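Given next are the chains, with one letter for each unit.
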Amino acid sequence: MTSKVSTGFTPPPYPYDRLDSVAVLAEAHPGGMVDLSVGTPVDPPIREVVEALSASNMERGYPTSLGSSMLRNSMRDWIGRRFDVEIPPTSIASCIGTKEFVASTPWYLRLRNPTKDTVLYPAVSYPTYALGAELAKCRALPVPLSEDGRLRLDLIDKRDVERAVMLWSNSPSNPTGEIDDLAALYEFAHETGVPVFSDECYTEFSWSELPNSILKYGTDNVVAVHSLSKRSNLAGMRVGFYAGDSELVDYLGLVRKHAGMMVPGPMQYAASVAFNDDAHVELQRKVYLDRLSFMVDVFNGLGYRVSAPKGGFYLWFRSELEDGFDLAAELARTLGILVSPGEFYGNDSRPFVRVAMVADMSRLELVAKRAEKKVRFDV
Ligand SMILES: Cc1ncc(COP(=O)(O)O)c(C=O)c1O
């Protein structure tokens, strides 16, 4: 009998599956655990979108892989309203949420140019950038960040630039909330010929400055990546898009069409309704801002040093502990919250934790009460 043991790729444990022992500590609190680990939206999407899901008449036939013209027009219109940039719908294509796009694009780009074998991405970042590199059998090469969270493009070795299939940027950043210099990233794509993929899925939640996109600086050799998951609380619908350089979008669109990557028709229809509405995003911005400032106060009241992020809906901080798992356990024990340890986002961020503002205010008030009790107990 031949052995079933694989000698090739073994998927690493899924990060959040490693939190079970910490979750037990949080769950022990009266009132239960307040889960602030996964950045999954908890607020309701707008009624119009949910109703549109049953009104599309698009269940029967195969949907288009690039996205219906109705959908792509709504994406174009949103880009126009949000960033004041005109991108033709032919340079926009849909993806089934952006995670699959992040995970699969290095492989498709490598197939296109087999002489390149390196994916560059922020040293502290969403883990799928590194995993996508691995799936493509590329070198996953983290790029160091400055104090204020910008990619240190000047520190990338020239030989690595030559080997790069692509560079990922993420602004506002998950997990740090920092905002990158998208003009400089555009320049880099232009000067080096390395395609820059700018993951902008938190752009609506930019606090320190207006939402920005790499597309504001041009489309040559750059692709912006967007998602409805965070913008419109529609992570369950799985709709995102990529837009920019027409050659890159055409190439990826065609490969993805061959591979059968399609957003289901009813989702396409409902997604266009979501992209056409901005009022709900304004309300959601306020919800996240309120939660962020509430929880900054809770943590600072306990003696942690936490500041509000420049963008996104995560708090990112460390304590004197060297391991974020220990800090996560401490927070689970004292506050009954579950948070993500920094090592999920790269080796450079091991002491940190990320706290997602994905519980409603009544749950956060419960956390504040637990914090008050702890302060009273400590003095
Ligand atoms: C930086 C970043 N990019 C992409 C994604 C994927 O989002 P989705 O697949 O829901 O579009 C996430 C989700 O948390 C994220 O944080």
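Residues numbered from 1 in each chain as written. Predicted model: local features only at pLDDT ≥ 70, side-chain atom pairs only at ≥ 80, totals over all residues.

### Considering the overall build of the chain
Part 1: If you tally the helices and strands in the chain, you get 13 helices and twelve strands.
Part 2: Expected size for 379 residues packed as a compact globule is a radius of gyration near 21 Å; at 21 Å, the chain falls within 12% of this value.
Part 3: Its C-alpha atoms give the chain principal-axis dimensions of roughly 65 × 55 × 50 Å.
Part 4: The buried share of the chain, taken over its 379 residues, is 46%.
Part 5: In the chain, once contacts between residues fewer than 6 apart in sequence are set aside, the share between residues at least 24 apart is 73%. (Helix = DSSP H or I, 4+ residues; strand = E, 2+ residues; numbered from the N terminus. Rg over C-alpha atoms; globule rule 2.2 N^0.38 Å. Buried ≥ 20, exposed ≤ 12 C-beta atoms within 10 Å, placed from the backbone. Contact = placed C-beta atoms within 7 Å.)

### Looking at the site of the ligand
Part 1: Lining the immediate surroundings of the ligand are 14 residues, of which Gly97, Thr98, Lys99, Ser227 and Ser229 lie closest.
Part 2: Residues of the shell around the ligand, tallied by class, amount to four nonpolar, eight polar and two charged. (Near = placed C-beta within 6 Å. Nonpolar A, V, L, I, M, F, W, Y, C, P; charged D, E, K, R; others polar.)

### Focus on the sheet that holds strand 5 (residues 164-170)
Part 1: A sheet is described by the order of its strands in space; here seven strands give the open sequence 2-8-7-6-5-3-4, paired in mixed fashion. Among the strands making up the open sheet, the edge pair consists of strand 2 (92-95) and strand 4 (139-143). This sheet shows a mean twist of 25 degrees between the axes of neighbouring strands, independent of strand direction.
Part 2: Two elements, strand 3 (residues 118-122) and strand 4, share five bridges in a ladder whose sense is parallel. Within strand 4, the position partnered with Tyr121 by the bridge is Pro142. (Pairing = 2+ DSSP bridges. Axes fitted to C-alpha atoms, helices over the stretch in contact; angles between N-to-C directions.)

### Focus on the nonpolar core
Part 1: In terms of nonpolar packing, the biggest core is built from 101 residues, with Tyr242, Ala243 and Ile337 touching the most fellow members.
Part 2: The dominant element in this core, judged by the number of residues it contributes, is helix 10 (residues 265-275), at seven residues.
Part 3: For Ile337, the residues in contact, after removing those within four places along its chain, are Ala26, Val34, Leu36, Leu331, Ala332 and Val367. (Core = buried A, V, L, I, M, F, W, Y, C linked by C-beta atoms within 7 Å.)

### Concerning the sheet that holds strand 11 (residues 340-341)
Where strands meet in a sheet, backbone hydrogen bonds hold them as pairs that are either parallel or antiparallel.
Part 1: The sheet built from three strands is open, its strands ordered 9-12-11 with antiparallel pairing. With one partner strand each, in any of the chains shown, strand 9 (314-318) and strand 11 form the two edges of the open sheet.
Part 2: Packing of helix 12 (residues 324-335) onto the sheet brings it into contact with strand 9, strand 11 and strand 12 (352-356), and relative to strand 12 it is tilted by some 45 degrees.

### Here we look at the domain arrangement of the chain
Part 1: Under the domain assignment used here, the chain contains domain 1 (15-44 + 280-378) and domain 2 (58-275).
Part 2: Computed from C-alpha atoms alone, the centre-to-centre distance between domain 1 and domain 2 is 28 Å.
Part 3: Contact residues are listed per partner, giving 25 residues for domain 1 and 25 residues for domain 2.
Part 4: Secondary-structure elements contributing two or more residues to the side of domain 1 that touches domain 2 are helix 11 (279-301) and strand 9.
Part 5: Among the elements that take part in the side of domain 1 that touches domain 2, helix 11 stands out by supplying six residues, more than any other.
Part 6: For the side of domain 1 that touches domain 2, the class distribution of residues is twelve nonpolar, eight polar and five charged. (Domains from an automatic or database assignment.)

### Structural notes on the environment of Leu228
Part 1: Within the fold, Leu228 resides in helix 8 (residues 228-231).
Part 2: Classification of Leu228 as buried rests on a count of 26 C-beta atoms within 10 Å.
Part 3: In this structure the C-alpha to C-alpha distance between Leu228 and Thr98, which are 130 residues apart in sequence, comes to 9.1 Å.
Part 4: Setting aside anything within four residues of it in sequence, one finds Leu228 in contact with Leu234, Met237, Val239, Gly240, Ala271 and Ala274.

### Focus: unusual backbone geometry
Part 1: Across the junction of Ser171 and Pro172, the peptide omega takes the value -10 degrees, indicating a cis bond.
Part 2: By the secondary structure assignment, Pro172 is in the loop between strand 5 and helix 7 (182-192).
Part 3: A cis amide bond links Asn174 to the next residue, Pro175, at an omega of 20 degrees.
Part 4: Here Pro175 lies in the loop between strand 5 and helix 7.

### Re helix 3 (residues 69-83)
Part 1: Between its first and last C-alpha atoms helix 3 spans 21 Å; for 15 residues at 1.5 Å apiece the expected length is 21 Å, and the two agree.
Part 2: In the core, the buried residues of helix 3 are packed alongside strand 2, strand 8 (240-244) and helix 10.
Part 3: Just downstream of helix 3 lies Asp84, where phi reads positive at about 60 degrees. (Expected span 1.5 Å × (residues − 1).)

### Observations concerning the environment of Val306
Part 1: As for its position among the elements, Val306 is in the loop between helix 11 and strand 9.
Part 2: When the 19 C-beta atoms within 10 Å are taken as the criterion, Val306 is described as partly exposed.
Part 3: Distance from Val306 to Ser319, taken between C-alpha atoms, is 9.6 Å for residues 13 residues apart in sequence.
Part 4: When residues no more than four places from it in sequence are discounted, the contact partners of Val306 are Val296, Phe299, Asn300, Leu315 and Phe317.

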